[in-house]
Amino acid sequence: MWKTLGGDQPENWVAMVTPDNDWLAYDLRFPLARGYCENPLNLIQDHRQVLEWDPQRPDLQLAVILAVYPDACFAQTVSARLLAQDRGLHAIETSSRTLMIVRAGVDKAQGILEAGRRLGLKREEIAVIGDDRNDLTCFKTFENSFCMASAEPEIRDEARWMVESVAEALAIVQRENKQRS
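Quick caveat: nothing in here was measured; it's all calculated off a predicted structure.

*Asks:* Would you explain the sheet that holds strand β6 (residues 127–130) in this entry?
*Replies:* In sheet architecture, strand pairing relies on hydrogen bonds along the backbone and comes in two forms, parallel and antiparallel. As summarised here, the arrangement of the three strands in space is β6-β7-β8, forming an open sheet in which the pairing is parallel. Two strands close off the open sheet at either side, each with one partner strand: β6 and β8 (161–163). Across the sheet, the axes of successive neighbouring strands diverge by a mean angle of 30°, strand direction being ignored. Summarising the sheet, strand β7 (residues 144–148) and β8 pair through three bridges and their orientation is parallel. Across the sheet, Phe146 pairs through a bridge with Trp161, a residue of β8.

See the structure below:
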C-alpha cells in the first residue's frame, strides 16, 4: 500500500486513520495530522495511538487514508495505480494534489444519505454545504446544496447556491421552508 501511495518519497505525506480514529502513520508536515496531534482547542478527547501499519493484521481496518502530493500529476498517477490494483479502495480528489482514499462506494453523499435514513429524513429535507472537490457528490445528490464563495469556480458551479457563510445558507433554508409552508 505504501508503494502505491507514494513509496519512499518524503515529499508525499500520508496519514491513515482507523474507524476508531487512531492514526496509523503520519508525517507532522501533513497539516491535518499536525492539527490532530497538537489538539490546540482540546476538542479531541481520545489519545491517538501512532503505529506502523501492518496490512497483515485483520483487526486494523482503515477508515480513510489522506495523502498530499507535491503536484497534481503525481496524485493522478497514484489514483490510477490504486484503481488498477483493485484493492476495494478508491480515491476522492479533494484538491488537485490531495487524495482521500476510502473503501469503494464510500463518499460524503453516501454517508449523509445513510445518516439521513437513520434519522428518518427524506433526501429533500437534507441540505449540504461544502467548498471542495470531495463535496461534488453531495452537490449532485442533494437539491439543497450550498457552496462557499471562496471555492474554485468549477466547484461553485455544481452547487445550487453560493454563499459567504453557513449563517447565510441557514437563512436560505429557512426562507425556502417558509415558502413551502
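Past the structure itself, the notes keep going.
*Asks:* Could you clarify how one ought to interpret the nonpolar core in this entry?
*Replies:* If you look at soluble globular proteins, the nonpolar side chains tend to sit buried side by side. Formed by Val14, Met16, Leu62, Ile65, Ala67, Tyr69, Ala75, Val78, Leu82, Leu89, Leu99 and Ile101, the largest nonpolar core amounts to 12 residues. Here this core takes three residues from helix α3 (residues 72–85), the largest share from any one element. Among the nonpolar cores identified, the runner-up in size contains 11 residues, and Leu113, Val128, Ala151 and Ile155 belong to it.

*Asks:* What is the right way to look at a nonpolar patch on the surface in this model?
*Replies:* A cluster of nonpolar side chains, Ile129, Val166 and Leu170, forms an exposed patch at the surface whose accessible area comes to about 250 Å². Relative to the elements of secondary structure, Leu170 occurs in helix α7 (residues 166–180).

*Asks:* Explain the packing of aromatic side chains to me, please; I cannot follow it from the model alone.
*Replies:* Given two aromatic rings, one states the distance between the centres and the angle between the planes to describe the pair. Taken as a whole and judged by the stated rule, the model has two aromatic pairs. Here Phe146 and Trp161 contribute two aromatic rings whose centre-to-centre distance is 4.8 Å and whose plane-to-plane angle is 20°, an arrangement assigned as stacked. In this pair, Phe146 sits in strand β7 while Trp161 sits in strand β8, placing the two residues 15 residues apart along the sequence. Each member of the pair Phe146 and Trp161 is classed as buried.

*Asks:* Teacher, can you tell me more about the pattern of salt bridges here?
*Replies:* For side chains bearing opposite charge, pairing can occur when the charged atoms are close. By the definition in use, this model includes nine salt bridges. Between Arg117 and Glu114 there is a salt bridge, with its nearest N and O atoms 3.3 Å apart. Linking Arg117 with Glu114, this pair stays in helix α4 (residues 108–119), spanning three residues, or about one helical turn. Overall, Arg117 belongs to the exposed group, its relative accessible area being 53%.

*Asks:* Quick question: what am I supposed to make of the pairing of strand β4 (residues 89–95) here?
*Replies:* Looking along a regular strand, one sees side chains alternate from face to face of the sheet. Judged from the six bridges that link them, β4 and strand β5 (residues 98–103) form a sheet pairing that is antiparallel. What sits directly across from Ser95, in β5, is Thr98. Linking β4 to β5, which pair antiparallel, is a turn of two residues.

*Asks:* Is there a simple way to think about the pairing of β7 in this case?
*Replies:* Among the five residues of β7, five are classified as buried, and the element is accordingly described as predominantly covered. Of the strand pairs in this sheet, β6 and β7 are connected by four bridges, and their pairing is parallel. Paired with Val128 across the strands is Ser145, a residue of β7.

Rules used throughout
- Residues numbered from 1 in each chain as written.
- Predicted model: local features only at pLDDT ≥ 70, side-chain atom pairs only at ≥ 80, totals over all residues.
- Heavy atoms only, no water.
- Pairing = 2+ DSSP bridges.
- Helix = DSSP H or I, 4+ residues; strand = E, 2+ residues; numbered from the N terminus.
- Axes fitted to C-alpha atoms, helices over the stretch in contact; angles between N-to-C directions.
- Core = buried A, V, L, I, M, F, W, Y, C linked by side-chain atoms within 4.5 Å.
- Buried < 20%, exposed > 50% of the residue type's maximum accessible area, 1.4 Å probe, protein only.
- Patch = residues over 30% accessible without salt bridge, like charges linked within 9 Å, V, L, I, M, F, W, Y side chains within 5 Å.
- Areas by Shrake-Rupley, 256 points an atom, 1.4 Å probe, with all protein chains shown as cover.
- Salt bridge = Lys/Arg side-chain N within 4 Å of Asp/Glu carboxyl O.
- Phe/Tyr/Trp six-rings, centres within 6.5 Å; stacked < 30°, edge-to-face > 60°.

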